Amino acid sequence: MMDRRNFLRGAALGAGALMISPRMVFAHVETDRRFVFVIQRGAADGLDTVIPYGDPALAGLRGSLAIDPADMHKLDGMFALHPSLERLAGFYKQKQSLFVQAVASPYRERSHFDGQNVLESGGSSPYQLRDGWLNRLSTLLPKTRDEAIALAPTIPLALRGAAPVNSYAPSNLPEAPDDLLTRVSALYDADPELHTLWNRAMENRGLAEAVGARQDSATVGKTAAMFLGRENGPRIAMIETAGWDTHDAQKQRLTNQLRGLDQLIGALRDGLGDVWSNTTVLVATEFGRTAAVNGTDGTDHGTASAAMLAGGAIDGGRVIADWPGLSSRQLYENRDLAPTLDLDALIAVVAAESLGLDPEKTMRTLFPGRPFNRKLTGLASA
Amino acid sequence: MSTPSRGERAFIALNRFGLGAHLGDESPDNPKGWLLGQFQAYEPKPAAMSDLPSSADIFTTYREDSADIRDLPEAERRQARQELRQRGQKLYEAEVEARMRAALASQTPFVERLVHFWANHFAISGDEPLVTALAGSFEREAIRPHVLGRFEDMLLAVETHPAMLLYLNQDRSIGPNSVRARRAAEQDASRKPGINENLAREILELHTLGVRTGYSQQDVTQFAFAMTGWTIAGQGGNDETGAGTFAFKPQFHEPGPRTILGKTYDQQGMDQAEAVLRDVARSEATASHLATKLARHFVADSPPSSLVQRLQSAFVKSQGDLPTVYRALVDAPEAWEEEASKFKTPWEWSVSALRALDASPEMTATAAQMARQLGQPVWRPQSPAGYDDIAASWAAPDALIRRVEVAQRLARKADPTLDARAAAGALIGPALSKTTATEIARAESPATAVALLLVSPEFQRR
């Protein structure tokens, strides 16, 4: 117990940038395959992740957020990866990563809570289902142990349900993440007393940070690999990342966020060694962000976003997108990237193909009542 | 003066007077009636505290253990002493947890708040092992039974409690002309037992009259002479009758009449100091001192003098009947001002946060640790003056960060289905600002939203 705790404490400190809480959840199932779901809580901006640099409307919308195409990792004539996503770009060349654009869950409002509820439960509307699709996925697999493992004080909704899931919770939780601190700043803005105190506190924190005390996303990836790499270890894992709600200073924040995510997946790959060839990593968020920059060099809550697949099991080296375009009449409600691909169907197919399950049955179990997409096939090889 | 709506008055009753709203509780229809009705429903011995030992048991066990340690070979003593300290610390933590659990479960949170107020007014500080172990029993035995009684009865219970007698060194204060001192001199002329003024001074300065209210050093010394003999049975050994409880030892007492604040006390024995205590308890200066502290606690760091005046006059007219004073407070329009100007102390904040989250036993188990992290370890103010009751002492940059960190931790342990948007309406109610509502609604995860609710300006004040 002591070793693990120390190890996890190490995950909370160190040097890095991504605001990833070391929250991982694992489920045990009898298979050689590994399936990892990385959730981006806070609505990650897909247009800054899998950048449609070939769309003529992009530059006009993005304004101060614009990234020089020369710095991007080109995927094809239309899409490029954010400069921070070096490892994922490398996997793309090795045909071990695949990117999906203009994808969305069935949720069409713009509340984080409700959006995450739909994404994680697999329901068509918020609070329709009480358990999570990742839990239902683990019930589809043959089991030799009824034990599962989590690394979080509570089990995220996606893994909640009938299949037993244990959790590893570090006893010493990390300090408040930057995102929470940013929100507290906004909360205290109109309060003269607290505003002053808070600003001073943040200055102090900045000084302390120069000495180095931030969360290290590579360690999170390494930790996940340590659990998943074991022969009798868990086969399904969930990693929660936070800090994607970039209402301001998006350029710098996303540079850090995406670098952290890239390091996490890179460390996971390195830690898994040969097991990587049996592994699928799915990265998804509850919804996207506005196509246009807002008044504070950020973006507000939107609709469609990007999803990412990585791993040795992925039939990668391509971008899947039914590109809706970015001109104002093409935008959803005149503001957001329009959804043209169903995230639920994408998840069902990639999970089924990765784990050697029947895709239609998987769809019915994970996302009951939702339409199966026959065109989506051959994403991963079991 | 603004007139708050009924919803606002209910919110004030729950938060300013009570310990914070319980999620799911109905907000009181008749806020004043709800507060005053608590006087009948109050439980001096709540279930959360039923398993805790009496101060006499704690005291005698500690003395027995200490005696056993003295009999050990020298090599083993250090280890044994450390274990004894750890047992005391464990008991302390259990006491803090019980206090927290009682505060969370309480249906009479206004009275519970008053218990916390008086325990801080009569502060002891667990800075040495035995006082640490006795701290909880002090509040259970000296404060809780008297919170709805007369001030002078609480005062008597406090000044005769072993924890107070030990903390302010009264237990070994001996009159220079007492039987004990004369005997000691006969045996060894170089030994001159004497008084310790500590408790006598703090009674006048902190517990009753208040600092700079006209008493002199002479008054303090005379009072200390009168107090000699107030001690704990069993100091020499547990076979003494009533070991671990208050005892008046005539052989310690300084004989003769005493003149204190212009009045001569010629009683014999224990009656002498008790008469002094009852007099100072009823004095105008004490009424003014306590009225100011109560008004400061409930209304504002610099309370309106009109309110202090009301409370003082209620105290004087009722000869220190505490419910009469509390009623005057509840009746005072100044106490119902819409603006929440009291910044919660760490204790108040953590109690209200745990009530808001309907905390699990897992969350209350670390109450002592949480209080320490937030900068206000329970019963350890390191001063007989207790903890400050003003924002300047608590609203500090580092303190805010710590609250955010603790809020985050609590939010992660909270019921994951808790919807902070709905909870904000229920817990903060009419005071909820647009900014706070917006930031909570925008939070990127349910846990972040709960943490934001707990650190919002509305939740930091009462």
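Being a predicted model, the structure only gives us computed values, none of them experimental. (Residues numbered from 1 in each chain as written. Chains lettered and ligands numbered in written order. Predicted model: local features only at pLDDT ≥ 70, side-chain atom pairs only at ≥ 80, totals over all residues. Heavy atoms only, no water.)

Caption draft 1: The arrangement of the overall build of chain A in detail. If you tally the helices and strands in chain A, you get eleven helices and twelve strands. Looking at the 382 residues of chain A, the share that counts as buried comes to 60%. Pairs at least 24 apart in sequence give 77% of the contacts found in chain A among residues at least 6 apart. Within the structure as shown, chain A displays about 13,800 Å² of accessible surface, and the carbon and sulfur contribution to it stands at 49%. (Helix = DSSP H or I, 4+ residues; strand = E, 2+ residues; numbered from the N terminus. Buried < 20%, exposed > 50% of the residue type's maximum accessible area, 1.4 Å probe, protein only. Contact = heavy atoms within 4.5 Å. Areas by Shrake-Rupley, 256 points an atom, 1.4 Å probe, with all protein chains shown as cover.)

Caption draft 2: Geometry of the environment of Leu346(A). Residue and element names in this part refer to chain A. Inspection of the secondary structure puts Leu-346 in helix α10 (residues 343–355). It is 9.4 Å that separates the C-alpha atoms of Leu-346 and Met-363, two residues lying 17 residues apart in sequence. Excluding its chain neighbours within four sequence positions, the residues that come into contact with Leu-346 are Val-100, Ala-307, Leu-376 and Leu-379.

Caption draft 3: Region of the structure containing helix α21 (residues 420–427) of chain B. Residue and element names in this part refer to chain B. Taken together, the buried positions of α21 are Ala-420, Ala-423, Ala-424 and Leu-427. All buried residues of α21 project into a common sector of 105 degrees when viewed along the axis, lining one side. Within α21, the exposed residues directed more than 90 degrees away from the buried face are Ala-422 and Ala-426. With a side-chain oxygen lying 2.9 Å from the backbone nitrogen of Arg-421, the N-terminal cap of α21 falls on Asp-419. (Arc of directions from axis to C-beta. Polar contact = N/O pair within 3.5 Å; in protein donor to acceptor, adjacent residues only side chain to side chain.)

Caption draft 4: Fine view of the side chain of Asp245(A). Looking at the element boundaries, Asp245(A) is found in the loop between β8 (236–241) and α9 (250–272). Aside from chain neighbours lying at most four places away, what touches Asp245(A) is Gly42(A), His112(A), Arg183(A), Arg253(A), Arg289(A), His301(A), Arg442(B) and Glu444(B).

Caption draft 5: Quick look at the environment of Gln250(A). All names here are of chain A. Considering the arrangement of structural elements, one finds Gln-250 in helix α9. Residue Gln-250 is classed as buried on the basis of its relative accessible area of 0%. The sequence separation of Gln-250 and Asp-48 amounts to 202 residues, and the corresponding C-alpha distance is 9.4 Å. Residues in contact with Gln-250, not counting those within four places in the same chain, are Asp-45, Asp-48, Arg-62, Leu-65, Thr-255, Arg-289, Asp-297, Gly-298 and Thr-299.

Caption draft 6: Representation of a negative patch on the surface. Residues and elements named next belong to chain B. A cluster of acidic residues, Asp-25, Glu-26, Asp-29, Asp-358 and Asp-415, forms a negative patch on the protein surface. Mapped onto the elements, Glu-26 comes out in the loop between α1 (6–17) and α2 (31–41). Under the relative-accessibility criterion, Glu-26 is labelled exposed at 73%. (Patch = residues over 30% accessible without salt bridge, like charges linked within 9 Å, V, L, I, M, F, W, Y side chains within 5 Å. Salt bridge = Lys/Arg side-chain N within 4 Å of Asp/Glu carboxyl O. Lys, Arg positive; Asp, Glu negative; His and termini not counted. Charge placed at Lys NZ, Arg CZ, Asp CG, Glu CD.)

Caption draft 7: Structural detail: the interface of chain B and chain A. Between chain B and chain A, the residue contacts involve 34 residues of the former and 42 residues of the latter. For the chain B and chain A pair, buried surface summed over both sides reaches about 3,200 Å², with 64% attributable to carbon and sulfur atoms. Contact with chain A buries surface across chain B, with Pro397(B), Arg412(B) and Glu444(B) losing the most and accounting together for 25% of the total. Our count for the chain B to chain A interface comes out at three salt bridges. One can count ten residue pairs in polar contact (both at pLDDT 80 or more) joining chain B with chain A. Elements with a minimum of two residues in the side of chain B that touches chain A: α20 (397–413), α22 (434–442), α23 (446–455) and α24 (457–460) of chain B. If you tally residues by element for the side of chain B that touches chain A, the top one is α20(B), at eight residues. Residues of the side of chain B that touches chain A, tallied by class, amount to 19 nonpolar, seven polar and eight charged. (Buried area = accessible area lost by both parts, 1.4 Å probe. Nonpolar A, V, L, I, M, F, W, Y, C, P; charged D, E, K, R; others polar.)

Caption draft 8: Local environment of the pairing of strand β9 (residues 279–285) of chain A. Residues and elements named next belong to chain A. With seven of its seven residues buried, β9 lies for the most part within the structure. Burial along β9 is two-sided: Thr-279, Val-281, Val-283 and Thr-285 and Thr-280, Leu-282 and Ala-284, pointing in opposite directions, are all buried. Here strand β2 (residues 34–40) pairs with β9 via seven bridges, running parallel. Within β9, the position partnered with Val-38 by the bridge is Val-283. When β9 meets strand β10 (residues 305–310), the two strands line up antiparallel, connected through three bridges. (Pairing = 2+ DSSP bridges.)

Caption draft 9: Structural context of the nonpolar core. Phe17(B), Phe110(B), Trp118(B), Phe122(B) and Leu454(B) are the most contacted members of the largest nonpolar core, which has 154 residues in total. The element that contributes the greatest number of residues to this core is helix α4 (residues 74–105) of chain B, accounting for ten residues. Inspection of this core shows a minimum of three residues originating in each of domain 1 (168–281) and domain 2 (346–460) of chain B. Excluding residues within four positions of it along the chain, Phe110(B) makes contact with Phe17(B), Gly18(B), Leu35(B), Gln38(B), Phe39(B), Phe298(B), Tyr326(B), Leu329(B) and Val330(B). Counting residues in each nonpolar core, the second largest holds 40 residues, with Phe35(A), Leu141(A), Ala284(A) and Met363(A) among its members. (Core = buried A, V, L, I, M, F, W, Y, C linked by side-chain atoms within 4.5 Å. Domains from an automatic or database assignment.)

Caption draft 10: Seen up close, the sheet that holds strand β4 (residues 73–74) of chain A. Residue and element names in this part refer to chain A. Here three strands make up an open sheet; going across it, the order is β3-β5-β4 and the pairing antiparallel. Edge positions in the sheet fall to β3 (50–51) and β4, since each has one partner strand and no second. Pairing geometry for β3 and strand β5 (residues 80–81), over two bridges, is antiparallel. By the bridge assignment, Val-50 is partnered in β5 with Leu-81.

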